[in-house]
Amino acid sequence: MSDANTAAMAAATLTQPAKRRRIKAATLFDHAVLILGALFMIVPLVMVFQMTTVPDVEIIKTGPSFVIGDQLDENFRKAMFEASGFSGENSGTNMLVNSFILGIGFAVGKIVIGMMAAYAIVYFRLRFATLAFWMIFTTLLLPLEVRILPSYEVVQRLGMLNTYQGLIIPLIASATATFFFRQYFRSVPEELVEAARIDGAGPVKFFVDILVPLSKTMIAAMFIIMFVYGWNQYLWPTMITTEEDMFTLVRGIKQITQVMEGNRIPEYGRANLLAIIAIIPPVFVVIFFQSWFVKGLTESDK
Amino acid sequence: MKRAGFATRWLPILLLLPQLIIIAVFFYWPAAHAVQSSFYLQDPFGFGSSFVGFDNYTDLLDNSEYRRIAWFTVVFTVLVTFFSLALALLLAVKADKVIRGAKTYRTLLMWVYAVAPPVAGFIGLIMFNQSWGPLTRLFEQVGHDFTLGVNYNDTAFAMVLVSVWKQVPVNFIFFLSGLQSIPKSVREAALIDNRSASGRFWDVTFPLLAPTGFFLLIINITYALFETFGVIDTLVKGEPGNNPMTLVYKVYVDGFRGNDLGGSSAQSVILMILVLALTVFQFRMVERRIHYT
């Protein structure tokens with residue numbers, strides 16, 4: 001046995017230079033795979049961006065190319081301030097504002113309501129706690145998409161079509177944030193509550209002065225995920241908002257596509273720039289708060 | 001619940017109330033309504049409705065178009081799930097290995113997470129533009145006349161490709177974090193026992209990633225079933241015609257465009273049952289799954 005080992009070791013020593021070269025080749029291969037993957041992800045976006053810098057006539061002739069033109073300013077002006085559609089109210093600026101209202105409103109609403117409910121479930125002795133728990137967590141099972149039509153009817157009956165409440169509140173009706181904060185609160189050491197009670201802190205003071213500051217990172221992570229989720233909503237806004245001044249950028253993408261198709265010379269530059277503006281805020285948030293975002297995402301499933 | 005909880009009576013009820021009201025109004029009411037109206041036939045002119053029992057369901061199951069859409073949904077889900085998981089796993093394993101530029105690769109591979117599905121569909125429209133789309137030209141090179149929105153298979157291909165593109169980043173993030181949580185000691189032990197890199201991957205890394213993979217499997221199936229709505233809607237430009245579509249898109253088309261409330265509700269209920277079955281399956285598997293830590 002030991003002989004065989006020694007022989008193997010000797011063989012390994014002998015073949016070392018060859019092996020090192022092989023390792024280098026393997027590393028090169030790893031990088032090649034990663035570069036291909038990164039190109040697969042980024043090239044479409046680069047092409048879409050390139051098209052916003054050249055005149056639309058040019059695109060009809062050549063499609064995406066390597067030329068960077070001077071039309072970006074003009075396309076930006078058209079995209080942000082010139083309205084498309086019938087009512088003339090869905091300019092890029094307006095849609096951008098609506099997107100921010102939906103993204104931030106959804107994230108804040110979900111976090112506030114979720115934290116409150118999770119606090120009640122974890123820290124209080126309640127007779128119907130189990131019932132409330134199950135009522136809330138059943139909502140995790142059925143995504144909005146399977147009950148869109150009846151949800152639409154409810155919103156219609158409440159007279160909330162084409163309002164921000166109608167857009168945001170039904171989206172909050174699932175317990176992802178509640179579930180997440182419940183898991184997090186349960187991991188907070190028990191001694192904290194005891195200490196707070198001995199010091200005479202009531203439940204409100206404990207929540208505001210101890211639990212909320214303690215959860216800062218978790219709140220940030222949740223905020224990023226929920227903001228992106230709200231910003232990117234499509235089906236629900238498509239059904240609830242029919243007036244063009246209520247469109248978000250993502251909701252308006254179909255109109256943006258029609259801008260591209262309708263005219264004699266399709267306005268590719270403008271349409272593409274609007275698509276890019278719809279992408280920038282959520283991508284920016286995800287890239288710049290990467291560590292929080294990844295932590296929040298990968299820990300929420302436990 | 002914490003052992004050392006507060007005993008205040010009114011406060012927890014007050015805290016729970018907003019959440020409970022919202023889910024009662026916007027979850028339980030609509031869900032119950034869907035189940036109820038799936039047993040009724042709506043008058044097309046809005047003059048009330050009549051009870052028809054299970055007719056809406058049997059009509060659906062007899063409908064060959066519905067069966068065709070259900071079959072397409074299955075194929076679509078399998079393809080999207082398989083390719084986005086496989087591609088993400090490959091990229092995560094490589095990104096876990098390299099030292100140089102690891103952070104740059106990570107950022108470049110995950111930013112698409114934040115792109116909305118319909119915007120991804122829009123980018124697909126650009127790539128597959130009939131006259132100058134770069135991918136249409138690529139197909140031209142190999143002698144295939146790619147027609148998005150006209151040819152059934154071409155449209156299905158574009159839908160799968162765009163959906164995979166959009167989903168790879170999520171899987172990548174989870175696989176990478178799963179890989180990085182494998183203890184160093186385990187890796188070193190594997191390095192001593194097994195000299196071939198691919199052997200190490202299949203014998204050690206892959207089984208350790210299995211829980212992550214299983215969790216992602218469910219996430220990806222749900223994604224392919226529901227969240228691809230935006231991709232499909234933009235790729236067919238809101239005109240489904242003879243193009244492929246998924247079950248969720250069909251619910252929308254029938255209920256919102258065709259005003260077939262009963263049939264659409266029955267479809268919703270079928271989807272609800274599907275999701276519930278998936279969840280039950282997931283819970284049972286999670287109970288059984290092995291923890292290595």
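No experiment lies behind these values; they were computed from the predicted model shown.

**Quick word on the overall build of chain A**
- Scanning chain A from N- to C-terminus turns up 16 helices and 0 strands.
- For chain A, the proportion of its 302 residues judged to be buried stands at 43%.
- Partitioning the contacts of chain A with sequence separation of at least 6, the portion at a separation of at least 24 is 73%.

**Some remarks on the overall build of chain B**
- Counting its regular elements, chain B contains 12 helices and 2 strands.
- In sequence order, chain B lays out its α and β elements as α-β-β-α-α-α-α-α-α-α-α-α-α-α.
- Reported as C-alpha extents along the three principal axes, the dimensions of chain B are approximately 75 × 75 × 30 Å.
- Looking at the 293 residues of chain B, the share that counts as buried comes to 40%.
- If you take every contact in chain B between residues at least 6 apart in sequence, the share linking residues at least 24 apart comes to 69%.

**Describing the interface of chain A and chain B**
- Contact residues are listed per partner, giving 72 residues for chain A and 76 residues for chain B.
- Here the element with the most residues in the side of chain A that touches chain B is helix α2 (residues 16-51) of chain A; it accounts for 11 residues.
- Broken down by class, the residue content of the side of chain A that touches chain B amounts to 52 nonpolar, 11 polar and 9 charged.

**Things to note about unusual backbone geometry**
Residue and element names in this part refer to chain A.
- Residues other than glycine seldom take positive phi values, yet Asn162 does so here, at roughly 55 degrees.
- Inspection of the secondary structure assignment puts Asn162 in the loop between α7 (148-157) and α8 (164-172).
- By C-beta crowding, Asn162 is classed as partly exposed, having 14 other C-beta atoms within 10 Å.

**So, the confidence of the model for chain A**
Residues and elements named next belong to chain A.
- The predicted model of chain A averages 84 in pLDDT, with 87% of residues at 70 or higher.
- The least confident element of chain A is helix α1 (residues 2-14), whose mean pLDDT is 48; the most confident is helix α5 (residues 92-123), at 94.
- Low confidence marks residues 6-14, where pLDDT is under 50. Its contacts with residues over four positions away, or in another chain, come to 0 contacts.

**Focus on the packing of helix α3 (residues 64-97) of chain B against helix α9 (residues 197-227) of chain B**
Residues and elements named next belong to chain B.
- It is at 10 Å that the axes of α3 and α9 come closest, and there the two elements cross at 140 degrees. As summarised for this structure, α3 and α9 are arranged oblique, according to the angle between their axes. Remark: the crossing between α3 and α9 carries right-handed chirality. Taken together, the residues of α9 that come into contact with α3 (itself represented by Thr73, Phe76, Thr77, Val80, Thr81, Ser84, Leu85 and Val93) are Phe201, Leu216, Leu217, Asn220, Ile221, Ala224 and Leu225.
- The residue inventory of the contact of α3 with α9, partitioned by class, reads 10 nonpolar, 5 polar and no charged.

**Topic: the environment of Ser38 of chain B**
Residue and element names in this part refer to chain B.
- Positionally, Ser38 belongs in the loop between α1 (10-37) and β1 (40-42).
- With 25 C-beta atoms counted inside 10 Å, the residue Ser38 sits in the buried group.
- Distance from Ser38 to Ser264, taken between C-alpha atoms, is 7.6 Å for residues 226 residues apart in sequence.
- Excluding residues within four positions of it along the chain, Ser38 makes contact with Asn56, Gly262, Ser265, Ala266 and Val269.

**Quick notes on the nonpolar core**
- Residues Tyr119, Met222, Ile224 and Ala275 of chain A together with Val119 and Phe172 of chain B are the most contacted members of the largest nonpolar core, which totals 150 residues.
- Setting aside anything within four residues of it in sequence, one finds Ala275 of chain A in contact with Val48, Ile253 and Ile256 of chain A together with Val119 and Phe122 of chain B.

Reading guide: rules and limits
- Residues numbered from 1 in each chain as written.
- Chains lettered and ligands numbered in written order.
- Predicted model: local features only at pLDDT ≥ 70, side-chain atom pairs only at ≥ 80, totals over all residues.
- Helix = DSSP H or I, 4+ residues; strand = E, 2+ residues; numbered from the N terminus.
- Buried ≥ 20, exposed ≤ 12 C-beta atoms within 10 Å, placed from the backbone.
- Contact = placed C-beta atoms within 7 Å.
- Nonpolar A, V, L, I, M, F, W, Y, C, P; charged D, E, K, R; others polar.
- pLDDT = per-residue confidence, 0-100.
- Axes fitted to C-alpha atoms, helices over the stretch in contact; angles between N-to-C directions.
- Parallel < 35°, antiparallel > 145°, perpendicular 65-115°, else oblique.
- Left-handed = near helix turned anticlockwise from the far one by under 90°.
- Core = buried A, V, L, I, M, F, W, Y, C linked by C-beta atoms within 7 Å.

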